[in-house]
Amino acid sequence: KLILLLSVLCFATAFAGDYVVTDMYAKSGCKDADLAVYINSMMKLGCKKNTGGGSLDYKLDGKKLVIDSYTTTDCSGTKAATTDTGMVTGTCVAQGSSSFKIGTMSASVWKGHTTGAGNIFMKNYEGSETCGGDVSMEMVYLSKAQGICMPRGGGSETATWTTTAVTSKEYGSTDCTG
């Protein structure tokens, strides 16, 4: 019985309420040493009411993130449809000279990163430039990311910060030169 319990604990990696988080890496290959930013688009696994009626159940089907639609408000009854989001967890995706990986993270681990020593925590608000309204995305720039070159659009940037200010330099090149 103990072996069965341990094997269940080892393979149960995502739970309802966990956030779907994007890990951004400064270089290709998704190496831990290059991890620079966590991006949380506020998507949680589990059931939630759909604004247009019914409910949506965000879950992992193997490594794929899928959304099951229901006509009820509590994800019960017969499933109306399943939508494949195209997101696959645990797979490193190259993005120019950087890379990213989709994963899940518990709310308590996320909170730990947002308050981590030297990390900078940022929020984006939906349809607002005045820091009000619904939060559409949260980002944690890890302290070790200070000063490293990160691709951005067709160029790149470096950023440094203190507890009171962020200084960002943007470059037209992809390697933070020029």
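Bear in mind that the values here come from a model prediction, so they are computed numbers and not experimental data.

Asker: How would you summarise the overall build of the protein if you had to cite specific residues and measurements?
Answerer: The secondary structure content of the protein amounts to 2 helices and 13 strands. Seen along its three principal axes, the alpha-carbon backbone of the protein occupies a region of about 60 × 45 × 30 Å. Sequence separation of 24 or more characterises 41% of the internal contacts of the protein that already satisfy a separation of 6 or more. When the accessible area of the protein is evaluated, it comes to approximately 10800 Å², of which 56% is carbon and sulfur surface. Where the 16 positive side-chain charges of the protein centre and where its 16 negative ones centre are 6 Å apart.

Asker: Describe the state of the cysteines, with residues and values.
Answerer: Evaluation of the coordinates by the stated rule reveals 3 disulfides. Shown here is the disulfide that connects C30 with C92, its sulfur atoms set 2.1 Å apart. When the S-S torsion is 90 degrees, as for the bridge of C30 with C92, the disulfide is right-handed. In this pair, C30 is assigned in the loop between β1 (19-25) and β2 (35-44) and C92 in strand β7 (residues 92-95), connecting sequence segments 62 residues apart. There is a disulfide in this structure between C149 and C176, and the S-S distance comes to 2.1 Å. Judged by the torsion about the S-S bond (95 degrees), the C149/C176 disulfide is right-handed. Taken together, the residues span a long stretch of sequence, with C149 in the loop between β10 (135-141) and β11 (150-152) and C176 in the segment after β13 (166-171) at a distance of 27 residues. You can call C176 buried: its relative accessible area is 14%.

Asker: Kindly report on the packing of aromatic side chains, identifying the contributing residues and their values.
Answerer: Taken as a whole, this structure holds 2 aromatic pairs when the rule is applied. Pairing Y19 with W110 gives two aromatic rings, centres 6.4 Å apart and planes at 55 degrees, and the pair type is tilted. Separated by 91 residues along the polypeptide, Y19 in strand β1 and W110 in helix α2 (residues 107-114) bring together distant segments of the chain. An angle of 65 degrees between the planes, with centres 6.3 Å apart, marks the rings of Y141 and W161 as edge-to-face.

Asker: Before we move on, can you summarise the sheet that holds strand β9 (residues 120-125) with the specific residues and values?
Answerer: Strands sit in the order β7-β8-β1-β2-β10-β9 across an open sheet of 6 strands; the sheet is antiparallel. The open sheet is flanked by β7 and β9, the only strands paired with a single partner. Going from strand to strand, the sheet's axes swing by 25 degrees on average, the running direction of each strand aside.

Asker: Tell me about the side chain of D34, and name the residues and values.
Answerer: Summarising the element assignment, D34 is placed in the loop between β1 and β2. Residues in contact with D34, not counting those within four places in the same chain, are M24, Y25, A26 and K27.

Asker: So, the sheet that holds β13: which residues are in play, and what are the values?
Answerer: Read from one edge of the open sheet, 3 strands run β11-β12-β13, paired in antiparallel fashion. Of all strands in the sheet, those with a lone pairing partner are β11 and β13, marking the two edges. Mean inter-strand twist for the sheet, computed between neighbouring axes without regard to direction, equals 35 degrees.

Asker: Pulling in residues and values, what's your account of the environment of T160?
Answerer: Along the chain, T160 turns up in strand β12 (residues 155-161). Note on T160: relative accessible area 37%, which makes it partly exposed. Put simply, T160 and S128 are 32 residues apart on the chain and 25 Å apart in space, counted from C-alpha to C-alpha. Filtering out sequence-adjacent residues up to four positions away, T160 remains in contact with Q146, G147, A165, V166 and T167.

Calculation rules
Residues numbered from 1 in each chain as written. Predicted model: local features only at pLDDT ≥ 70, side-chain atom pairs only at ≥ 80, totals over all residues. Heavy atoms only, no water. Helix = DSSP H or I, 4+ residues; strand = E, 2+ residues; numbered from the N terminus. Contact = heavy atoms within 4.5 Å. Areas by Shrake-Rupley, 256 points an atom, 1.4 Å probe, with all protein chains shown as cover. Lys, Arg positive; Asp, Glu negative; His and termini not counted. Charge placed at Lys NZ, Arg CZ, Asp CG, Glu CD. Disulfide = S-S within 2.5 Å. Buried < 20%, exposed > 50% of the residue type's maximum accessible area, 1.4 Å probe, protein only. Phe/Tyr/Trp six-rings, centres within 6.5 Å; stacked < 30°, edge-to-face > 60°. Pairing = 2+ DSSP bridges. Axes fitted to C-alpha atoms, helices over the stretch in contact; angles between N-to-C directions.

Nothing here speaks to function; it is all geometry.
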